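Single-letter residue listing:
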Amino acid sequence: MLQVASATTSHLSIPPSTSPSLSWSTSFRSASELATALSRLGKSFDVLQLSAGPLQGHFSVVHLKDLSIISIQTNQLLLLNGERGSDSITFSLETSGNFDDHRIFCRAIEPHSLHGFKPDLKESHFQLTAGSTTVIAITSAKKFCSFLECYGELELLDNLYTSNSLRLNPEQYSKVSKQLLWYLNNPLNNAELRSMHTGHIFTLMLEAFKSTDEENFKSFEIAPRQKLVYELINWGFENSSNPVRLDEISNILFSSRRTLIQGCKENFNIGPMELLRLIRLEQVNFHLRCSELRAALDLKKVGDIANHFGFSSRGHFSAAYQNHFGETPRQTLSKANAQQAMDVKA
């Protein structure tokens, strides 16, 4: 997994991991900066920008009692790949109405849908549409399941274990969206009230689950091809300095070339080698922004970083980088150095 260095947070409004801060928000201008924000919540994700152009996003979080609510706004198509933990359940909605490219394990979401709530799902793989706002409530799977058991909702609990998405009626969807956004925008310091609000959200989710017909629960199972895409992303970030041919990656992942190509084409409209190239570009961008990472690898120049991640042609690399991120590698490095100098003065 991508190791997020502390230097990437230099210009971000992120409290230290030891801080008791109950709410905070920050803008992010790269996928690695979003990964940094998520890491402060104990969530280890690789984040990849899939669409071309400068990235502008905003991340917000508020902590209640045993529950956190986060919001991710992005102007670019993003892929998040990682593990959400062994005792984690999420309730996720796209609140702006812009969800055309939203995917959960390569599956498109439906309008007015609530998703991410399968209690025993440890892996996480989802896409966020460019121009979207996604709100996610995160809590303990054990505690929410115990809550349902206390209310005798055993049949409902079974539905949660066999599905991961639910289509709500528009009224219920609007109610859930507005309530989560209200809690996000009105953080409280009072521990008793924060605990009460957690109970309110548990009840809100129970009402949402019970307000719709059982057939609106969408059966969920990670298909082999979807699992393969997840593993390809993992491998790509872990081995981004070691470019390989398609036959080699097929052998490493115990897959045929055809299956690997189909899996990527279906979800990303690009082939596996292009996807791995985007990951390597993302890693270059990350290292250009982080002096600590460059120092650890003794990479001093743009060309050194490009070579480290398998880009042998300087001209082709520079053009590909500028086409994807909307600026040259030198501009990224110059901005990062200027920001670091400002942080030192501050």
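Attention here is on the structure that accompanies the text. (Residues numbered from 1 in each chain as written. Predicted model: local features only at pLDDT ≥ 70, side-chain atom pairs only at ≥ 80, totals over all residues. Heavy atoms only, no water.)

## Quick word on the packing of helix α2 (residues 141-150) against helix α5 (residues 191-210)
Convention followed: Note on geometry: axes are lines fitted to C-alpha atoms, helical ones only across the stretch in contact, with angles between N-to-C directions running from 0 to 180 degrees. Helix and strand assignments follow DSSP, with helices taken as H or I runs no shorter than four residues and strands as E runs no shorter than two, numbered in order from the N terminus. Handedness of a helix crossing follows the sense of rotation of the near helix relative to the far helix, less than a right angle counterclockwise being left-handed and clockwise being right-handed. Any two residues whose heavy atoms approach within 4.5 Å are treated as being in contact. Side-chain classes are defined by residue name, with Ala, Val, Leu, Ile, Met, Phe, Trp, Tyr, Cys and Pro counting as nonpolar, Asp, Glu, Lys and Arg as charged, and the others, Gly among them, as polar.
At their nearest, the axes of α2 and α5 sit 11 Å apart, and the two run at 65° to each other. Pair α2 / α5 crosses with right-handed handedness. Between α2 and α5, the contacting residues are K143, F144, F147 and L148 on the first element and F202, T203, M205, L206 and F209 on the second. Of the residues that constitute the contact of α2 with α5, the class distribution is seven nonpolar, one polar and one charged.

## What about the side chain of H197?
Formally: Three labels apply to residues, based on accessible area from a 1.4 Å probe with only protein chains included: buried if under 20% of the type maximum, exposed if over 50%, partly exposed otherwise in between.
Residue position: H197 is located in helix α5. Judged by its relative accessible area of 9%, H197 is buried.

## Side note on unusual backbone geometry
At D66, a position not held by glycine, the phi torsion is positive, near 65°. As for its placement among the helices and strands, D66 is situated in the loop between β3 (57-63) and β4 (67-74). A positive phi angle, near 45°, is found at F105, a position not held by glycine. Turning to its location among the elements, F105 is positioned in the loop between β7 (103-104) and β8 (107-108).

## Regarding the packing of helix α9 (residues 272-289) against helix α12 (residues 314-325)
Using the following cut-off: Every angle not falling under 35 degrees, over 145, or within 65 to 115 is termed oblique; those three ranges are roughly parallel, roughly antiparallel and roughly perpendicular.
Direction vectors running N to C along α9 and α12 enclose 85°, while the axes themselves pass 11 Å from each other. Taken together, the axes of α9 and α12 are roughly perpendicular relative to one another. Side by side, α9 and α12 meet where R277, L278, L281, E282, V284, N285 and L288 of the first sit next to F317, A320, Y321, H324 and F325 of the second. Split by residue class, the contact of α9 with α12 holds eight nonpolar, two polar and two charged.

## Details of the pattern of salt bridges
Worth spelling out the cut-off: Criterion for a salt bridge: a side-chain nitrogen of Lys or Arg within 4 Å of a carboxyl oxygen of Asp or Glu.
Tallied over the full model, the rule gives 13 salt bridges. In this structure, the salt-bridge partner of R225 is E266, at a minimum N-O distance of 2.4 Å. Here R225, found in helix α6 (residues 224-238), pairs with E266, found in helix α8 (residues 257-268); they are 41 residues apart in sequence, far enough to count as distant. With a closest N to O distance of 2.8 Å, R277 and E274 form a salt bridge. A residue pair is termed a helical-turn pair when its members lie 3 or 4 positions apart in one helix, as R277 and E274 do in helix α9 at three residues. The exposure class of E274 is partly exposed, given its relative accessible area of 28%. Salt bridges sharing common partners tie together E110, R167 and K218.

## Points about the pairing of strand β12 (residues 163-167)
The line we're drawing: DSSP bridges decide pairing: two strands pair if at least two such bridges lie between them.
Burial runs high along β12: four of the five residues are buried. Here three bridges tie strand β9 (residues 113-115) to β12, and the two strands are oriented antiparallel to one another. Across the sheet, the residue bridging to H115 is S165, located in β12. Alignment of β12 against strand β13 (residues 217-219), held across three bridges, turns out to be antiparallel. When the bridges of β13 are listed, L166 appears paired with F217.

## Some words on the pairing of strand β2 (residues 44-49)
Summarising burial for β2: five of the six residues are buried, a large majority. By the bridge criterion, six bridges tie β2 to strand β5 (residues 78-83) in an arrangement that is antiparallel. By the bridge assignment for β5, S44 is matched with E83.

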